[in-house]
Amino acid sequence: MAQLPPTHFLSLPRPDILFGPPAGVPDTTTLAAHDFDVDTRTGFMPPQPPLRRLGIEWEPWEALLDDAISQRLQLGSKPDLPESERQKSESWRERVRNLPILPIDELKNSEITLRRAHLVLSWIMHFYVHSLPPSDPVRIPPPLTLPLLQVSAQLQLPPVVTYSDDVLYNFYLEETESSDSDTPDILPTESNIRCLTTFTSTNDEAEFYLTSGRMELAGVEALELMRSTMDEAFVGDDIAVRRITEYLHQMVEVIHRLKAMLLDVKGKCDPHIFYNEIRPWFRGEDSQSGQKWVFEGIEQDPTLAEPHELSGPSAGQSSLIHAIDTFLGVDQYSHHQQLTGHHPPEDDTLDVHTASASSSIIPYQKSAFLQRMQLYMPRHHRAFLTHLANNPRPLRNLVLQAAFGDSEDAEAKKRGAALLEAYNAAVTALKEFRDAHMIIVALYIIGPARRAKQVTAELQGNKDGEKGVVETVAEAATAPLKGTGGTDMVRFLKSVRDQTKEALLSVIT
Ligand code: HEM
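None of the values given here were measured: they were computed from a predicted structure.

Draft legend 1. Broad picture of the side chain of S212. Mapping S212 onto the fold places it in helix α7 (residues 203-218). On the basis of relative accessibility, which here comes to 15%, the residue S212 falls in the buried class. Ignoring anything within four residues of it in the chain, the contact list for S212 reads Y163, V167 and A315.

Draft legend 2. Spatial organisation of the coordination of the iron atom of the ligand. Counting protein donors to the iron atom of the ligand gives just one, H437 (NE2), placed at 2.1 Å. Structurally, H437 can be placed in helix α16 (residues 410-464).

Draft legend 3. Spotlight on the packing of aromatic side chains. With the rule as written, the count across this model stands at 16 aromatic pairs. Residues F199 and F282 carry aromatic rings whose centres are separated by 6.3 Å and whose planes lie at 55° to one another, so their mutual orientation is tilted. One end of the pair, F199, is in the loop between β3 (193-195) and α7; the other, F282, is in the loop between α10 (271-278) and β4 (293-295), and 83 residues separate them in sequence. As far as the burial class goes, F199 and F282 line up, both buried. Positioned above the aromatic ring of Y172, the side-chain terminus of R52 is 4.5 Å from the ring centre. A cation over an aromatic ring shows up here: R115 above the ring of Y169, its NZ or CZ 4.2 Å from the ring centre.

Draft legend 4. The arrangement of the site of the ligand in detail. For the ligand, the set of nearby residues contains 26 residues, the closest of which are R434, H437, G483, G485 and T487. The separation between an oxygen atom of the ligand and a polar side-chain atom of S314 is 3.4 Å. The separation between an oxygen atom of the ligand and a polar side-chain atom of R434 is 2.7 Å. With respect to the detected pockets, the ligand is housed in the largest cavity. Mapped by element, the contributors of at least two residues to the shell around the ligand are α7, α13 (369-373), α16 and α18 (489-502). In terms of residues, the shell around the ligand owes the most to one element, α16, which gives six residues. The residue inventory of the shell around the ligand, partitioned by class, reads 16 nonpolar, nine polar and one charged.

About the cut-offs
- Residues numbered from 1 in each chain as written.
- Predicted model: local features only at pLDDT ≥ 70, side-chain atom pairs only at ≥ 80, totals over all residues.
- Heavy atoms only, no water.
- Helix = DSSP H or I, 4+ residues; strand = E, 2+ residues; numbered from the N terminus.
- Buried < 20%, exposed > 50% of the residue type's maximum accessible area, 1.4 Å probe, protein only.
- Contact = heavy atoms within 4.5 Å.
- Donors = N, O, S within 2.8 Å, 3.2 Å for Na, K, Ca; no water.
- Phe/Tyr/Trp six-rings, centres within 6.5 Å; stacked < 30°, edge-to-face > 60°.
- Lys NZ or Arg CZ within 6 Å of the ring centre and 35° of its normal.
- Near = heavy atom within 4 Å.
- Polar contact = N/O pair within 3.5 Å; in protein donor to acceptor, adjacent residues only side chain to side chain.
- 1 Å grid on protein atoms, 1.4 Å probe; cavity = no way out; pocket = protein on both sides within 12 Å on 5 of 7 lines; lining within 4 Å.
- Sits in = over half its atoms within 2 Å of the grid points.
- Nonpolar A, V, L, I, M, F, W, Y, C, P; charged D, E, K, R; others polar.

Below, the structure written as structure tokens:
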């Protein structure tokens, strides 16, 4: 039987967080970081808090970001924005245009500094783009274009704010708040993480990011269960089937907990503040009414390529949810090529099973949205997901084999049926997570968007009589709401949820 090499992350022993390793045994709990930057104690979140400030050479970037935040730059699209606010943001943008073009060579020595540089530069770019009056062309000036594209190329990330910038690498620990000393022993936990950078300086925004951060930390348990399951799958005997059944029941609990944490955002982030004040800062090129983002000065560095991936940050970039999908084999459904997030107007039904490469849908498509979102994840996490997807003993096959194999042994059949039931319970839990997510989306986007349309319609109606109302409502009905990832949101999320359900296996009768 093929064995994993001893340094493989799946072969690592369970972390001994409380007691540490026994005397004489090397601590292997962070070895996984070498390959995939997935820590056995903190998952996709780094075990140490991210760098809070770049070195003095890059202080002009840090100072500009500080000023954008402390001056509370306003969205250029905000109705009735006072002239004083327009001038304030224009003078900040002028400072961005007048920055020297700072070299990034020294940043390349460290992944940690590159991450901070990506956060700072991409955050400045979003401030720059979204503080512009909406009718202005989007032209990102060379002092921002060049380092942002260079840093992004190093990290193999798109040059926009990503989930890693606003969640994974955007926290500090409460304990270190008033202290300059390093506290390497303190790990991030659900209760001690605090948010570093926000667009709006609101607690609502901080809590929006922290909700995902806490879920990432809670997800460590899911990663552990995946590892234990895969260990057992190597053994593949009767005991292994029983243990995997138990792990899957535990996985159900973890997914339920993630769902509860997701729903908890309701008490912490106000939907109207989210929709009107926070979310517009996230918009990427593809959720911004067809306006192209021009990266000026790109020709000054021949190694740089015109960026095409410019979707705004979305928790669709969370490696944790992708990992759960992949582990359960749900990704064959939820990541299906048909689920691009964009739908041609004439395509009213989605049947991923009958759609073919010659389908009329194809010309409208890019790749699957969730597949594309992997390009926005830190590259090590992307590699982790590829690794998980290439597991030679996929769980779903194992379930099928145990439940529908040709064994005549009554006990084996019983074990197979129990495994199948546990597997279906885990898939159902994931589907319920997506149901809950749709409730959140209805509350945070669909409701406030309707309200905004209504207000516009009322204003329009006041000016033009009833015609304005009718026109606006008609427009609302035809223009699908866009996610920050640029998807036709409602339809996309519903399809992903429905496809998750498709992964259920029929029960043995
Ligand atoms: C106020 C809270 C949230 C809102 C308004 C929201 C909104 C959205 C929207 C509109 C999308 C569609 C993709 C796009 O175009 O961006 C999406 C996708 C997604 N979101 Fe959220 N989201 C929220 C919180 C979260 C959290 C905390 C998580 C978990 C980490 C999460 C996980 C996902 C996932 C995994 C997807 C991809 C679709 C799927 O796999 O079902 N979301 N979200």
